[in-house]
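Working through the structure, step by step
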Amino acid sequence: MEPVTVVTGTAVPLDRSDVDTDQIIPSDWLKRVERTGFGAGLFSEWRDDPDFVLNQPHHAGASILLAGPNFGTGSSREHAVWAIMDYGFRAVVSPRFADIFRNNCTKNGLVPVQVDAEVADQLMRAVQADPGLEITIDVAARTIAAPAAGIEATFPLDDATRDRFLRGLDDIGITLQHEADIAAFEAARPSWLPSIAGN
């Protein structure tokens, strides 16, 4: 996982509520064994509609996904986060995230920015009016801002999750911070006990 300190870029306004993980990445994409390549399946059923927001050329290259409330509901598939990231998004903004989806975001480096409904609506309308509007998400300061639109707000992010983003630590990275202690413990174990050394 790469460190994430600040995400700055344009946004795609997905003005829909209760978007579930099956809509984010349909189940027929779950047969893949790699963690890459899921971006092509992001909202694939909706992308069949040429008027769908992701198909609009003025939103190409956006790094922030603006979503309606209750984003990421449904199954716990981690593939939904992989698809969003593989497409090129580095943060998702919503008034409310499903708990498991939010947790999957934090473990994979996708910043979940939960804002008040009023702020979410202001951002949505501002981006719809000006697709080139620049938005900055500061993970260290826990702020989101669109200065040209006069929008600035804070978002909740507990200290441990904030640290995870700033240092680029996934679960394995967090565990490896204790690698010396793990090695010392294993070295001191009696030889007749099971070992992870493989001998």
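Treat the numbers as computed from the prediction; the structure is a model and nothing was measured. Each chain carries its own residue numbering, running from 1 in the written order of its sequence. The predicted nature of this model means local features are confined to residues of pLDDT at least 70 and side-chain atom pairs, given and counted, to a pLDDT of 80 or more, with totals for whole chains, interfaces and linings taken over all residues. The basis for every side-chain value is the complete set of heavy atoms in the structure, and neither hydrogens nor water enter the calculation.

Helix and strand assignments come from DSSP, with helices taken as H or I runs of at least 4 residues and strands as E runs of at least 2, each series counted from the N terminus. As for its placement among the helices and strands, Ile137 is situated in strand β6 (residues 135–138). Taking the relative accessible area as the measure of exposure, Ile137 reaches 0% and is therefore buried. Along the backbone, Ile137 and Asp170 are 33 residues apart, and their C-alpha atoms lie at a distance of 20 Å. In this description, contact between two residues means that some pair of their heavy atoms is separated by no more than 4.5 Å. Other than its neighbours up to four places away in sequence, Ile137 contacts Thr5, Val6, Val7, Ile64, Ala91, Val93, Val111, Val113, Thr143, Ile144 and Phe155. Exposure categories follow from relative accessible area, calculated using a 1.4 Å probe and restricted to protein chains: below 20% of the type maximum is buried, above 50% is exposed, and the middle band is partly exposed.

If DSSP finds at least two bridges between two strands, the strands pair. Strand order in the open sheet formed by four strands is β2-β3-β4-β5, with parallel pairing between adjacent strands. Two strands close off the open sheet at either side, each with one partner strand: β2 (11–14) and β5 (111–114). Shown here is a sheet whose adjacent strand axes are inclined to one another by a mean of 20 degrees, direction ignored. For β2 and strand β3 (residues 64–67), the ladder comprises four bridges, and the chain directions are parallel. Across the sheet, residue Ala11 finds its bridge partner in β3, namely Ile64. Axes here mean lines fitted to C-alpha atoms, for a helix over just the part in contact, with angles spanning 0 to 180 degrees between N-to-C directions.

Another aspect to go through is the packing of helix α3 (residues 99–108) against helix α5 (residues 159–167). One can describe the packing of α3 onto α5 by two numbers: an axis separation of 9 Å at closest approach and a directional angle of 40 degrees. As far as their axial angle goes, α5 and α3 are oblique. Note on element contacts: α5 touches α3 through Thr161, Arg164 and Phe165, opposite Cys105, Thr106 and Lys107. The residue classification treats Ala, Val, Leu, Ile, Met, Phe, Trp, Tyr, Cys and Pro as nonpolar and Asp, Glu, Lys and Arg as charged. All others, Gly included, are polar. Considering only residue class, the contact of α3 with α5 consists of two nonpolar, two polar and two charged. Any angle between 65 and 115 degrees counts as roughly perpendicular, while under 35 counts as roughly parallel, over 145 as roughly antiparallel, and the rest as oblique.

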